[in-house]
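Below are the chains, spelled out letter by letter.
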Amino acid sequence: MSRKIRNILFIMYDQLRFDYMSCAGHPWLKTPNMDALASRGVRFSRCYVQSPVCGSSRMSTYTGRYVSSHGAAWNNFPLKVGEQTLGDHLRKIGMQSWLIGKTHMKVDEEGMDRLGIARDGIIGARVSECGFDVFVRDDGLWGEGPDGFYDSKRSPYNEYLKSKGYAGANPWHDFANAGVDEDGDMASGWFMKHADKPANIDNRDSETPWLTDRMIEFLEARKDDATPWLCHLSYIKPHWPYIVPAPYHEMYGRNQVLPAIRHPDEREDPHPVYEAFMSNAIGQAFSRDDVREKVIPAYMGLIRQCDDELGRLMKYLEETGRLDDTLIVLTSDHGDYLGDHWLGEKDLFHEQSVKVPLIVVDPSPEADAARGTVCEELVEQIDLAATFIEAAGGKVPGHIVEGRSLAPFLRAETPEEWREFAVSEYDYSATPMAVKLGVEPKDARLFMIADKRWKFMHAEGGMRPMLFDMENDPDEYVDLGASADHAAIVEMMYRRLAVWARRMSQRTAISDDQIKAGRGGSRRKGILLGLYDGSEVEEELTVKYRGAAQNAAS
């Protein structure tokens, strides 16, 4: 088979840290299949997401646009009707766009009603699913409390488990995300003290293998179909709850938990937003060594399970000849603090949260020179949309897609005028931290500007900035935002933020090329302004306005 891109396999793990792969230097966690992809392609070591939280990060990746452009600024903030996504761009050039797994998409119900878009039609279905055609969607967030389920939609995974004999209304929790304690009672994965127990489920039936099975089903169904496709295989793990089935629950121990990247000085007069996140329940929990020693081995086990399932999928692709014509991308939607910087979860802009793994494997011969290399240029995850459009044979609509194609790096080429800094945004208006700080929703916003040395954070609401010297302080311990000696750097970062904020981001209905092509067109259609007697322009432009006067109607 010829080595040419026909299909795109876009793999995203949820909450996978950039440094929790052996190819990225983790000393204990072995990820041979992720490493094998890196050896066949390019690993990008400085890839930043456009928001360090699930929903807004994914909406940026699927649209190729910054958060303040598309407006879906946090989990369950709707992606407004009219935003074009990967599926919209790719279908124009003959490529299908499919989803298997999670998107965290919240549909703009009010916008659909306003425009009269039916939910059960093909257009309504795509608008409701980030532009994807759905092979199977499951966001894997089937928590249940006194007010009902967090996600009220039907869970295909729960239905699968019921068909396999797992009892109850919510086997996602009762089996896949819970163990059994010494007394035979349920040991919920929501309680981190249970993270060292095996989930009460056969590994083959847990979430990651289940999604791998669905991906293989998708490929089997298209063996005789020559239509090009992008398939977004969006795994639910290693996202919390932190619990994993046997044998993965005991592969790693507390002796393999790396020391927390944190310093007592970080808690001395911290930035108000940083202090609020350190003080929340998650930050307080992950500041405890006993919590880290329970959770991190389970997190590592979840990643090892992901890697094994990646190996199973890659073996299938190789046996069916698909490796020769499939562009493969492996990434995550954000990281996980795991106690670093006295924090848990994600949300802020330390490397552990905002930087993600990114491996891209281009099968074409033009990419041979770059195989096995590490690219240290500043990459934003919105660059994937542009990369996919170009790989499918299209022209990137620069007035819509704000990222840039990574194709030059995949061919060991140096692109012209690559970016000087990367941008990320975070809207924390829906969180208890905004309430604690007394910040109105319009001001509960953070902006990151990061270059290869400096990382800067601006907080709306009149607060001082944060600044880190990544060259001399790679662990981001010393906040220089209030340092008089670094005022010039802060000023430079504010200039960059202003340049970025002035970008053209909302004129998406007409491109620069269309504007240029239309210049002067109104004159040729009879709109002649600034003329005294018509001699100032070509005669053909005034021919309709000369000649004998018409007689008035009687």
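Residues numbered from 1 in each chain as written. Predicted model: local features only at pLDDT ≥ 70, side-chain atom pairs only at ≥ 80, totals over all residues. Heavy atoms only, no water.

(A) Highlighting the sheet that holds strand S12 (residues 355-356). Strands sit in the order S12-S3-S15 across an open sheet of three strands; the sheet is mixed. In this open sheet, the two strands that pair with only one neighbour each are S12 and strand S15 (379-380). As paired elements, strand S3 (residues 47-48) and S12 share two bridges and run antiparallel to each other. Each bridged residue has a counterpart across the sheet, and for tyrosine 48 the counterpart in S12 is lysine 355. (Pairing = 2+ DSSP bridges. Helix = DSSP H or I, 4+ residues; strand = E, 2+ residues; numbered from the N terminus.)

(B) Representation of the layout of surface pockets within the structure. Here the largest pocket defines a volume of roughly 780 Å³. In terms of lining, the largest pocket is formed by 32 residues, of which the most central are Trp190, Trp240, Ile282, Glu345 and Lys346. Elements represented by at least two residues in the lining of the largest pocket include exactly helix H11 (281-286) and helix H16 (432-437). If one sorts the elements of the lining of the largest pocket by residue count, H11 sits on top with four residues. Among the residues forming the lining of the largest pocket, the class breakdown is 20 nonpolar, eight polar and four charged. (1 Å grid on protein atoms, 1.4 Å probe; cavity = no way out; pocket = protein on both sides within 12 Å on 5 of 7 lines; lining within 4 Å. Points joined across faces, edges and corners; volume = space filled by probe spheres on them. Nonpolar A, V, L, I, M, F, W, Y, C, P; charged D, E, K, R; others polar.)

(C) Quick look at the packing of aromatic side chains. In the structure shown here, the tally under the stated rule is 23 aromatic pairs. Between the aromatic rings of tyrosine 242 and tyrosine 299, the centroid separation amounts to 6.3 Å while the plane-to-plane angle is 70 degrees, which identifies the pairing as edge-to-face. One end of the pair, tyrosine 242, is in the loop between strand S10 (229-234) and helix H10 (272-278); the other, tyrosine 299, is in helix H12 (residues 289-319), and 57 residues separate them in sequence. Note on tyrosine 242: relative accessible area 4%, which makes it buried. In textbook terms, an aromatic cluster arises when at least three aromatic residues are bridged by ring pairs, as seen for Tyr20, Tyr242, Phe286 and Tyr299. If you follow arginine 222 out to its NZ or CZ, it ends over the ring of tryptophan 98, 4.6 Å from the centre. Taking NZ or CZ as reference, arginine 267 lies 4.2 Å from the ring centre of tryptophan 342, over its face. (Phe/Tyr/Trp six-rings, centres within 6.5 Å; stacked < 30°, edge-to-face > 60°. Buried < 20%, exposed > 50% of the residue type's maximum accessible area, 1.4 Å probe, protein only. Lys NZ or Arg CZ within 6 Å of the ring centre and 35° of its normal.)

(D) Main features of the pattern of salt bridges. Throughout the structure, instances matching the rule amount to 49 salt bridges. Put simply, aspartate 19 and arginine 17 hold a salt bridge, and the shortest N to O gap is 2.9 Å. Here aspartate 19 matches arginine 17 in class, with each residue buried. A salt bridge links aspartate 469 to arginine 453, with the nearest nitrogen and oxygen atoms 2.9 Å apart. Taken together, the residues aspartate 469 in strand S19 (residues 466-469) and arginine 453 in the loop between strand S17 (445-450) and strand S18 (454-459) connect sequence positions 16 residues apart. (Salt bridge = Lys/Arg side-chain N within 4 Å of Asp/Glu carboxyl O.)

(E) Structural context of the side chain of serine 429. With respect to the element layout, serine 429 can be found in the loop between strand S16 (422-427) and H16. One polar contact links serine 429 to aspartate 427, side chain to side chain, over a distance of 2.6 Å. In this structure serine 429 touches Phe77, Ala434, Pro441 and Ala444, once residues within four positions along its chain are discounted. (Polar contact = N/O pair within 3.5 Å; in protein donor to acceptor, adjacent residues only side chain to side chain. Contact = heavy atoms within 4.5 Å.)

(F) Expanded view of the pairing of S10. Taking burial as the measure, the six residues of S10 include six buried ones, the bulk of the element. The alternating pattern of S10 places Trp229, Cys231 and Leu233 on one face and Leu230, His232 and Ser234 on the opposite face, and all of these are buried. In this structure, strand S1 (residues 7-13) lies alongside S10, joined through five bridges in parallel fashion. Note on S10: the bridge partner recorded for isoleucine 8 is leucine 230.

(G) Seen up close, the pairing of S17. Where burial is concerned, most of S17 is hidden: five out of the six residues are buried. Where S16 and S17 come together, six bridges link them in antiparallel fashion. Within S17, the residue paired with aspartate 427 across the bridge is arginine 445. With five bridges joining them, S17 and S18 adopt antiparallel strand pairing.

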